[in-house]
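Structural features, examined
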There are 2 protein chains.
Amino acid sequence: MEDYNDKQLSIISVAERLFAEKGFHGTSVRDIAQEADVNIAMISYYFGSKDKLLEAVFRHRMNASRIFINELVENNTMAPLEKIYSLIDRFINKMLNEQNFQCIMSREQLNKEQSPVRDLIWQLKSEMLGLMRPIVTNAQDAGIFMMDVDVEMLMTTLFGTIHQIIPAQHLLRTNTDYAHLNDQEFKEYLRLRLSNHLKKLFKAILTHEF
Amino acid sequence: MEDYNDKQLSIISVAERLFAEKGFHGTSVRDIAQEADVNIAMISYYFGSKDKLLEAVFRHRMNASRIFINELVENNTMAPLEKIYSLIDRFINKMLNEQNFQCIMSREQLNKEQSPVRDLIWQLKSEMLGLMRPIVTNAQDAGIFMMDVDVEMLMTTLFGTIHQIIPAQHLLRTNTDYAHLNDQEFKEYLRLRLSNHLKKLFKAILTHEF
DNA sequence: GTTTAAATTAAACGTTTGTTTAACTTTGCT
DNA sequence: AGCAAAGTTAAACAAACGTTTAATTTAAAC
């Protein structure tokens, strides 16, 4: 169902980048066709419409997401806090590796009208909450985590902080004196700083320890 | 410079709402003109262009922002943590009262190309950081706040969490059993929940206490 | 009351939009 | 080789886009 050929994958890849840079409505199918080096008609031919192309971009990335979720559910040897740490790091890595897609998600989740894409985002968030909540409640029952934890708000903070990093990157890079780092180095530095921040934050809230 | 007449204010108000709902490129000047009940040509006549109208929407809201900042700088009788609490509550209120504008900001801050609007957002964030940092460092020097505080990341968490609430509202309202509340009641409930969450979080990070 | 500027309008401007068409080429199968 | 399906193309499609024009009305000043 999702076995795309090279040309289709090229279109999806270019669309993802352009949608991230200029928004869905800010990107024309001609832009996409030109940068992907295909005829305009091929986009309708393969995907049906511009909207369906956006949906394809989403489904393409979200399949990888689902695998990422299930990996953690299986592992039952880790301590609750380690599981949370793992979740945080996986989220951070996902964001840093798929910045364009996450950028589109940040935009599209703001749309008020219902759409297939909005439903996919909603579904993804519900799954994440369904994964995080049992980890916390189980640890609470075991007396490891505190009882006064607002899991939904904690999720919101996790999502929000990580998503907010995308537009904050330029500010961080120019405001602090890390202009000498190249892109890869800055990415690593950002990963570590974000990870430390969020882990410290979650540990404090969940365990009242530092 | 910013004394708009009723018709201009109506256009700005409608534009803010539609830009928030459907995005800048997703909204046509004809949509705005129709809902504001003015002729299409009036938008160019008053604001010059669609881009300039977006800029006007921003400047209109950001003047109120600046006042909000200065109020807190003046007050020097509050304890550092109380100042932070006040900052948090003001941010939350601002977001809840200007959801449409904050929604536009969330979208526009993702644009990669430089633009007057992007510069305004950048400037606003810098001002916020410039306000929060001295509060923290002064409290650190006085031995009230911990030394290992990442202020930029804390700002990112504050912005991110509050902004993330906008798209998360529907999920919160349907997922939990607060469907019986009306809009105003739900807004108050949300304000309290957000406030408690962020204050607990900031207190923990800044003071290592609960 | 006349004059001058501002406000307002319907219509038209030239582009650009997403999508489709119809002709043509390539591919794979028998 | 012959045929059918899939792939590919340039061109055209109507609709919508942001903006401008030119004519008309309203308002203010003298």
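Nothing here was measured: the structure is a model prediction, and the numbers come from that model. The residue numbering used here restarts from 1 in each chain and proceeds along that chain's sequence as written. Naming scheme: in the order in which they are written, chains are lettered from A and ligands are numbered from 1. Thresholds applied to this predicted model are a pLDDT of at least 70 for local features of residues and 80 or more for the giving and counting of side-chain atom pairs; totals over whole chains, interfaces and linings are not thresholded and use all residues. By convention in this description, side-chain values take in all heavy atoms of the structure and omit both hydrogens and water.

**Remarks on the overall build of chain A**
- Runs of E in the DSSP output that reach at least two residues are strands. Runs of H or I that reach at least four are helices, and both are numbered from the N terminus. Tallying secondary structure elements over chain A gives nine helices and zero strands in all.
- Along chain A, helices (α) and strands (β) appear in the sequence α-α-α-α-α-α-α-α-α when read from the amino end.
- Seen through its principal axes, chain A has C-alpha atoms that stretch 60 × 45 × 30 Å.
- Burial classes: relative accessible area under 20% of the type maximum marks a residue as buried, over 50% as exposed, and values in between as partly exposed (1.4 Å probe, protein chains only). Expressed as a percentage of the 210 residues in chain A, the buried residues total 52%.
- Whether two residues touch is decided by their heavy atoms; if any such pair falls within 4.5 Å, the residues are in contact. In chain A, the share of contacts with a sequence separation of at least 24, taken over all contacts with a separation of at least 6, comes to 66%.

**Some thoughts on the packing of aromatic side chains**
All names here are of chain B.
- Pairing of aromatic rings covers Phe, Tyr and Trp, the last counted by its six-membered ring, and requires centre-to-centre distances within 6.5 Å; plane angles under 30 degrees mean stacked, over 60 mean edge-to-face, and any other angle means tilted. Taken as a whole and assessed by the stated rule, the structure comprises 13 aromatic pairs over all chains.
- Judged by centre distance (5.9 Å) and plane angle (40°), the rings of Phe 186 and Tyr 189 are tilted. Residue Phe 186 and its partner Tyr 189 are both found in helix H9 (residues 183-207); the two are separated by three residues, about one turn of the helix.
- Ring-over charges, as used throughout, are those where CZ of Arg or NZ of Lys falls within 6 Å of the ring centre and within 35 degrees of the ring normal. Lys 199 extends its terminal NZ or CZ atom over the ring of Tyr 85, reaching a point 5.5 Å from the ring centre.

**Some remarks on empty space enclosed by the protein**
- Detection works on a 1 Å grid of protein atoms alone, calling trapped sets that fit a 1.4 Å probe cavities and calling open sets with protein on both sides within 12 Å along at least five of seven lines pockets, with lining residues defined by an atom within 4 Å of a point. Grid points are joined across faces, edges and corners, and a volume is the space filled by probe spheres set on the points. Taken as a whole, this structure holds seven cavities of 30 Å³ or more when the rule is applied.
- Put simply, the parts of the chain that give the lining of the largest cavity at least two residues each are helix H8 (151-175) of chain A together with helix H8 (151-175) of chain B.
- A class-by-class count of the residues in the lining of the largest cavity yields four nonpolar, ten polar and no charged. Classification convention: Asp, Glu, Lys, Arg as charged; Ala, Val, Leu, Ile, Met, Phe, Trp, Tyr, Cys, Pro as nonpolar; all other residues, Gly among them, as polar.

**Brief notes about the relation of the copies chain A and chain B**
- Superposing chain A onto chain B takes a rotation of 180° plus a shift of 0.0 Å along the axis, which leaves an RMSD of 0.0 Å. Here the two chains are linked by the operation of a two-fold rotation axis. Of the C-alpha atoms belonging to chain A, the one lying closest to the rotation axis is found on A:Gly160, 2.0 Å away.
- Both copies present the same face, since 100% of the interface residues in chain A are matched by interface residues at the equivalent positions in chain B. In this comparison the copies share one frame, found by least squares on the C-alpha atoms of residues holding pLDDT of at least 70 in both.

**Overview of the nonpolar core**
- Joining through side-chain atoms within 4.5 Å is the link that ties buried Ala, Val, Leu, Ile, Met, Phe, Trp, Tyr and Cys residues into a set, and such a set is a nonpolar core. With 134 residues, the main nonpolar core has A:Phe58, A:Phe202, B:Phe58 and B:Phe202 as its most contacted residues.
- Beyond its immediate chain neighbours, meaning those up to four positions away, A:Phe58 contacts A:Phe101, A:Ile104, A:Met105, A:Glu108, A:Val117, A:Leu120 and A:Ile121.

**What to know about the protein's contact with DNA strand D**
- By convention in these notes, a residue is near a molecule or strand provided one of its non-hydrogen atoms lies within 4 Å of it. If you check the shell around DNA strand D, you find 16 residues, and the closest are A:Tyr45, B:Val29, B:Arg30, B:Ser49 and B:Lys50.
- Backbone atoms, meaning sugar and phosphate, form 45% of the atoms of DNA strand D found within 4 Å of the protein.
- Side-chain polar atom of B:Arg30 to a base nitrogen of DNA strand D: 2.8 Å apart, as the coordinates give it.
- Among the elements of the structure, helix H3 (41-47) of chain A together with helix H2 (29-36) and helix H3 (41-47) of chain B are those that each provide at least two residues to the surface near DNA strand D.
- When residues of the surface near DNA strand D are assigned to their parent elements, the largest contribution, four residues, is made by H3(A). Under this definition, polar contacts are N or O atom pairs within 3.5 Å; protein pairs additionally need one hydrogen-donor-capable and one acceptor-capable atom, and for neighbouring residues in sequence, both atoms have to be side-chain atoms.

**Some remarks on the protein's contact with DNA strand C**
- Lining the immediate environment of DNA strand C, one finds 16 residues, of which A:Val29, A:Arg30, A:Ser49, A:Lys50 and B:Tyr45 sit closest.
- Contact between DNA strand C and B:Asn39: a phosphate oxygen at 3.3 Å from a side-chain N or O atom of the residue.
- Those elements giving two or more residues to the surface near DNA strand C turn out to be helix H2 (29-36) and H3 of chain A together with H3 of chain B.
- For the surface near DNA strand C, the element with the most residues is H3(B), which contributes four residues.

**A closer look at the packing of helix H9 (residues 183-207) of chain A against H9(B)**
- Lines fitted to the C-alpha atoms define the axes, with helices restricted to the stretch that makes contact. Angles between their N-to-C directions range from 0 to 180 degrees. Remark: H9(A) packs on H9(B), axes separated minimally by 10 Å, with the N-to-C direction vectors making an angle of 105°. With respect to each other, H9(A) and H9(B) are oriented roughly perpendicular. Contacts between H9(A) and H9(B) involve A:Lys200, A:Leu201, A:Ala204 and A:Ile205 on the former and, on the latter, B:Lys200, B:Leu201, B:Ala204 and B:Ile205.
- Looking at the contact of H9(A) with H9(B) residue by residue, the class counts come to six nonpolar, no polar and two charged. Relative orientations are named as follows: roughly parallel for angles under 35 degrees, roughly antiparallel for angles over 145 degrees, roughly perpendicular for angles from 65 to 115 degrees, and oblique for any other angle.

**Thoughts on the UniProt feature "DNA-binding region" (unreviewed entry) in chain A**
- UniProt positions are given in the numbering used here, feature names are shortened, and annotations may be inferred rather than shown by experiment. Under the UniProt annotation, "DNA-binding region" (unreviewed entry) lies at residues 28-47 of chain A.
- End C-alpha to end C-alpha, residues 28-47 of chain A measures 15 Å, and it is 75% helix and 0% strand.

**Thoughts on unusual backbone geometry**
Residues and elements named next belong to chain A.
- Positioned with a positive phi, Asp 37 is a non-glycine residue whose angle comes to about 60°.
- Relative to the helices and strands, Asp 37 is located in the loop between H2 and H3.
- One non-glycine residue, His 208, lies in the positive phi region at around 60°.
- His 208 sits in the partly exposed class, given a relative accessible area of 25%.

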